[in-house]
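Chain by chain, the residues run as shown.
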Amino acid sequence: LALHHSMSTYQMGDQTPIRSRSQLVDYFAPRSPVAGRLGVEWELLPVKPDGRLAAYDGPEGVEEALARLGPPHEELLEAGHITAVELKGGGMVGLEPGGQVELATLPLARLAEVRAALERPLSMIERSAAASGFSLAPWGVAPENGEEDLPDVPKARYGVLRDHLRAAGTLGRRMM
């Protein structure tokens, strides 16, 4: 097992195999934050005009909107699909398990820097989403959708999480 984490979006990194439980525990141990710095992760739901969630794939889907962000930004792929875009200059636009679009900043020293780091990608992804026929809503849940409507995001770890939550109860996947 080789892991690397940056914000909450998977990306390839150190490929050194983890060979013991203590190495795995150490990998996930809380790290000391840099004093005086703040990073933000902001999740937004991709919502079509009828109030339902936009699909991940296909025409007018979230993947299409992410693809428009392309160069100079770097697309991150899993199983041949775009699951995040690493932004030139730092930060990321990624996906969460229920298809939410997540904006993530680097840890920054000033609130004005955090605001600017959110506004720039928000503006880009909002324009791209509009071109795909959906908007981004700052909601915690999509009121017009049930569990069966949640788009599947092509990340292996989300498949494991989805199956676990389905087994755990009736609202687990909706919480995801």
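Refer to the structure presented above.
What you see is a predicted model, and the numbers here were worked out from it, not measured in a lab.

Asker: Teacher, can you tell me more about the side chain of Ser-128 here?
Answerer: Among the structural elements, Ser-128 can be located in helix H3 (residues 111-131). Assessed through its relative accessible area of 5%, Ser-128 is described here as buried. Non-local contacts of Ser-128, meaning those with residues more than four positions away in its chain, are made with Ala-65, Arg-68 and Leu-69.

Asker: Help me out: how do you make sense of the sheet that holds strand E4 (residues 74-78) in this one?
Answerer: Strands belonging to one sheet form pairs held by backbone hydrogen bonds; the direction of such a pair is parallel or antiparallel. Strand order in the open sheet made by the six strands is E4-E5-E6-E7-E3-E8, with antiparallel pairing throughout. In this open sheet, the two strands that pair with only one neighbour each are E4 and strand E8 (135-137). In this sheet, adjacent strand axes meet at a mean angle of 35° when their direction is disregarded. By the bridge criterion, four bridges tie strand E6 (residues 92-95) to strand E7 (residues 101-104) in an arrangement that is antiparallel. Bridged to Met-92 within E7 is Ala-104. Strands strand E3 (41-47), E4, strand E5 (81-86), E6 and E7 of the sheet are contacted by helix H2 (residues 62-69), whose axis makes an angle of about 40° with E5. Its contacts with the sheet put H3 on E3, E6, E7 and E8, and the angle it makes with E7 is roughly 155°.

Asker: Is there a simple way to think about H2 in this case?
Answerer: Side chains three or four residues apart in an α-helix point the same way, a direct result of the helix having 3.6 residues per turn. Of the positions making up H2, those classed as buried are Val-62, Glu-63, Ala-65, Leu-66 and Leu-69. The arc that holds every buried residue of H2, seen down its axis, measures 160°, which confines them to one face. Looking at the packing, one finds that the buried side of H2 touches E3, E5, E6, E7 and H3.

Asker: Would you take a moment to explain the nonpolar core for this structure?
Answerer: One broad trend across soluble globular proteins is that nonpolar side chains are buried collectively. Membership of the largest hydrophobic core comes to 24 residues, with the highest contact counts inside it found for Leu-66, Val-93 and Ile-125. Elements with a minimum of two residues in this core: H2, E5, E6, E7 and H3. Contacts of Val-93, omitting those with residues within four sequence positions, involve Leu-66, Leu-69, Ala-84, Val-85, Leu-87, Val-101, Glu-102, Leu-103, Pro-121 and Ile-125. Core analysis: the next-biggest nonpolar cluster, separate from the first, contains five residues, Leu-45, Val-47, Leu-53 and Ala-137 among them.

Asker: For this particular structure, what's the right way to read the pattern of salt bridges?
Answerer: Should their charged atoms come close, side chains of opposite charge can pair. Taken as a whole and assessed by the stated rule, the structure comprises two salt bridges. We note a salt bridge from Glu-119 to Arg-115, for which the minimum N-O separation is 2.8 Å. Taken together, the positions of Glu-119 and Arg-115, both in helix H3 and four residues apart, correspond to about one turn of that helix. Residue Glu-119 is classed as partly exposed on the basis of its relative accessible area of 42%.

Rules used throughout
Residues numbered from 1 in each chain as written. Predicted model: local features only at pLDDT ≥ 70, side-chain atom pairs only at ≥ 80, totals over all residues. Heavy atoms only, no water. Helix = DSSP H or I, 4+ residues; strand = E, 2+ residues; numbered from the N terminus. Buried < 20%, exposed > 50% of the residue type's maximum accessible area, 1.4 Å probe, protein only. Contact = heavy atoms within 4.5 Å. Pairing = 2+ DSSP bridges. Axes fitted to C-alpha atoms, helices over the stretch in contact; angles between N-to-C directions. Arc of directions from axis to C-beta. Core = buried A, V, L, I, M, F, W, Y, C linked by side-chain atoms within 4.5 Å. Salt bridge = Lys/Arg side-chain N within 4 Å of Asp/Glu carboxyl O.

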